[in-house]
Amino acid sequence: MREAVVHIHPAGPLLALVGNPNCGKTALFNRLTGSRQKVANYAGVTVERKEGRLKTAAGKLLRVLDLPGTYSLYPRSPDERVTVDVLAGRAQGEKRPDLIVCVLDATNLRRNLRLFLSVQRQGLPCVVALNMADLAQRRGIEIDTAKLSGLLGVPVIRTVATDGHGLDDLRAVLDQPELWKTASAVPEGEDNARIGHILKELGLDALQGELPSDKVDRIVLHPVFGPILLAVLLFFLFQAVFAWAEAPMGWIEAATAWLGEQAGALLPEGHLRSLVVDGLIAGVGGVLVFLPQILILFFFILILEESGYLPRAAFLLDRLMGSVGLSGRSFIPLLSSFACAIPGIMATRSIANPRDRLVTILIAPLMTCSARLPVYALLIGAFIPQRELWGGIELQGLVLFVLYFAGIIAAMAVAWVLKRFTDAGRQVRPLMMELPSYHWPHARNVAIGLWQRAEIFIKRVGGIILALTLLLWVLSTFPGAPEGATGPAIEYSFAGYLGRGLATIFEPIGFNWQISLALVPGMAAREIAVSALGTVYALSATGDDATAQALTPLISSTWGLPTAFSLLAWFIFAPQCISTLAAVKRETGGYKIPAVMLAYLFGLAYLASWLTFHISRWWLA
Ligand SMILES: Nc1nc2c(ncn2[C@@H]2O[C@H](COP(=O)(O)OP(=O)(O)OP(=O)(O)O)[C@@H](O)[C@H]2O)c(=O)[nH]1
Ligand SMILES: [Mg+2]
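Throughout this description, residue numbers start from 1 for each chain and increase along the sequence as written. Going through the entries in the order they are written, you letter the chains from A and number the ligands from 1. In keeping with the model being predicted, local features are shown solely for residues with a pLDDT of at least 70 and side-chain atom pairs are shown and tallied solely at 80 or more, while totals for entire chains, interfaces and linings include all residues. Only heavy atoms go into the side-chain values, all of them from the structure, while hydrogens and water stay out.

The name given to the protein in an unreviewed UniProt entry is Fe(2+) transporter FeoB, with the source organism recorded as Roseateles chitinivorans. UniProt positions are given in the numbering used here, feature names are shortened, and annotations may be inferred rather than shown by experiment. Heading Subcellular location (unreviewed entry) of the UniProt record for the protein holds this comment: "Cell inner membrane".

Caption draft 1: Representation of the confidence of the model for the protein in the model. Confidence of the predictor at the level of single residues is given by pLDDT, which spans 0 to 100. When the pLDDT values of the protein are averaged, the result is 84; 93% of them are 70 or greater. We call two residues in contact when some of their heavy atoms are within 4.5 Å. In this model residues 543-548 is a low-confidence stretch, pLDDT under 50, and it forms eight contacts with partners more than four residues away in sequence or in other chains. As a predicted assembly, this complex carries a pTM of 0.80 together with an ipTM value of 0.98.

Caption draft 2: Local environment of the site of ligand 1. Residues in close proximity to ligand 1 total 25 residues, the closest being Lys-25, Thr-26, Ala-27, Val-45 and Thr-46. Here a polar contact is taken to be a pair of N or O atoms separated by no more than 3.5 Å, where protein atoms must pair a possible hydrogen donor with a possible acceptor and residues adjacent in sequence count only if both atoms sit in side chains. The backbone of Asn-22 places a nitrogen or oxygen atom 3.0 Å from an oxygen atom of ligand 1. Ala-161 is positioned such that a nitrogen or oxygen atom in its backbone is 2.9 Å from an oxygen atom of ligand 1. Burial of ligand 1 by the surrounding chains reaches 98%, relative to a free accessible area of 660 Å². Residue assignment for the shell around ligand 1 shows that the elements contributing at least two residues are α1 (25-33) and α4 (133-138). By definition, any uninterrupted DSSP run of H or I lasting at least four residues is a helix, any uninterrupted run of E lasting at least two residues is a strand, and each is numbered from the N terminus. Among the elements that take part in the shell around ligand 1, α1 stands out by supplying three residues, more than any other. Only Asp, Glu, Lys and Arg are considered charged, only Ala, Val, Leu, Ile, Met, Phe, Trp, Tyr, Cys and Pro nonpolar, and every remaining residue, Gly among them, polar. Across the shell around ligand 1, the residue classes break down as twelve nonpolar, ten polar and three charged. If even one non-hydrogen atom of a residue comes within 4 Å of a molecule or strand, that residue is called near it. Computed by Shrake-Rupley with a 1.4 Å probe, the accessible areas treat only the displayed protein chains as cover when residues are assessed.

Caption draft 3: Layout of the coordination of the magnesium ion (ligand 2). Each metal's donors are the N, O and S atoms within 2.8 Å of it, or within 3.2 Å when it is Na, K or Ca, and because water is not part of the set, sites may look incomplete. Here the magnesium ion (ligand 2) is held by Thr-26 (OG1) and Thr-46 (OG1), and the distances to it run 2.0 Å. Here Thr-26 is found in helix α1, whereas its partner Thr-46 is found in the loop between α1 and β2 (50-55), with 20 residues between them in sequence. Here Thr-26 and Thr-46 have matching classes, each one buried. Here the term buried applies to any residue with accessible area under 20% of the maximum for its type, exposed to any over 50%, and partly exposed to those in between, with areas from a 1.4 Å probe on protein chains only.

Caption draft 4: Just the nonpolar core, in detail. Of all hydrophobic cores here, the largest spans 121 residues; its most connected members are Leu-400, Ile-555, Trp-559, Leu-567, Trp-570 and Phe-571. When residues in this core are grouped by element, the largest group, eleven residues, is from helix α19 (residues 395-421). When near neighbours in sequence (up to four residues on either side) are disregarded, Leu-400 contacts Phe-238, Val-241, Phe-242, Leu-373, Tyr-376 and Ile-380. Remark: nonpolar core denotes a set of buried residues (Ala, Val, Leu, Ile, Met, Phe, Trp, Tyr, Cys) joined through side-chain atoms within 4.5 Å. Of all hydrophobic cores here, the second largest spans 36 residues; its members include Leu-65, Leu-87, Cys-102 and Leu-199.

Caption draft 5: A look at helix α27 (residues 592-620). Compared with an ideal rise of 1.5 Å per residue, which puts 29 residues at 42 Å, α27 spans 42 Å between its outermost C-alpha atoms and is within 8% of the ideal. Of the residues making up α27, those classed as buried are Ile-593, Pro-594, Met-597, Tyr-600, Leu-601, Ala-605, Ala-608, Ser-609, Phe-613 and Ser-616. Looking at the buried side of α27, the elements it contacts are α17 (354-363), α19, α25 (561-573) and α26 (578-588). Helix span, as expected, comes to 1.5 Å for every residue beyond the first.

In structure tokens:
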């Protein structure tokens, strides 16, 4: 029997947002449909189609598609292909749109019109949303929308997606029945000539003077000051992650300790108390404490994304990345991987060259994802003294910076090795990347972004982290200690056996059985390595001290420094993330690449930890 793909289209008229990258399609989509898709100031943010619903002024419900931006209808990268396929009615599981809302960036009409003219020739009804009208006005670009509408032969609506200006007009136009019926008549003439004519008619054909962004770029893109500025920015970021988080982390710690004491005093001695105090509070509370650090990291990432600095950083690093066979194109996917490798791997869809895309996917997990931050922070807090070096630089922040940097160096090294194996790496590919104008980040957008991050983290803590911590508690508590046992019950439990079994593999790199055990649930989410250590150590504590003890002093008194360093080195490579491997399988369409990735990351992690452990033991002896 043959299987066939069945296309089921939801009912209702379909409208698609099409336009150049970074013209504000997603911002418009979010406003129109009440969604919260990611908006940022660089090209290639949206890489897949997203659907939402919109109500017109007359109350008609429409389906709306947000699409990846594209410069032309000749796709060069996987994300652009999505848009072109939707326009042609080739997208799987989706009908051809009934209407196109072509979003044009009013500050760059010349380039944006080129796409519009090709979209118009697709024979679908069109409306133009002339977006970024606020920026255009501030720069003194006055566009007569009525005249433009006459020249293009379609309705033109002035919009400002960030504050919602013009959206009511857009909703009202969508109610005109004749709009949906007629594909706009395409006037005769070659595109460039037509664009020239349109701009001339609008009085916009004169060259523009220097923009404020150009002045800023004279410093930001300066061959000497540019890289210095980038390094200072990143350095400051990691300093802030420790320095600013200290107070809020103290509050969360105090709250967890208080809860543990209360629960310990209220509940009678027994399994329930152990479950609540050692499982729930010691485990989950141990992860929650890192929320402030994660939010500080994202605060900086959001500001960088919204301001338009990211593509500049890509530009600055293009030469460096070229030396390992990559281009600046890989920079943004790699930077996204600092949040999590999965969106980073998705973002590689904007890379046109298949080899570059594959190499970027392979090295994305070496960027330190935010789930590893709790692990780093725990170990740094326990083993690196809180000391000020010269010039007010905090040692702990410096170590964190070094760890992130080590991940980057490792990624570059792997890319360099891969370049040896593929000849495509030797091609010189100039970086074609749009530098958007700088925007002041909107406080509201940053607040929403942070809130979403907090939500994601708390959902992880309350979901998978809680579930696996409780499972670990069960495995660590049963079958229970036999008669006349001397050690704590955990040593006789399932988890105890499993941990000791694994420890034979990890002993050469300095991990004890508790660490070896914690690595297993850490495969589902890396933070669980921390909560698992919390639970395992709380259960290993002998004596009748039943209150949840903070993990930091516990491990700093029981582990040697070489073990701590070795574990840090392990997490630079940290091959154990199931969802990343699943994403790689999805993006590469097979098991081969994820298998290669798992094997090489595991090998490197083991090697790095082994070296770190032995060298630091020899050093400290
Ligand atoms: N000033 C101003 N900024 C806008 C407007 N619309 C969008 N922006 C900003 O422009 C940037 C790009 O917006 P997005 O909605 O992500 O653009 P996009 O077209 O979806 O981009 P891709 O998904 O990369 O194709 C963001 O920083 C937005 O906040 C507008 O009308 N005025
Ligand atoms: Mg978008």
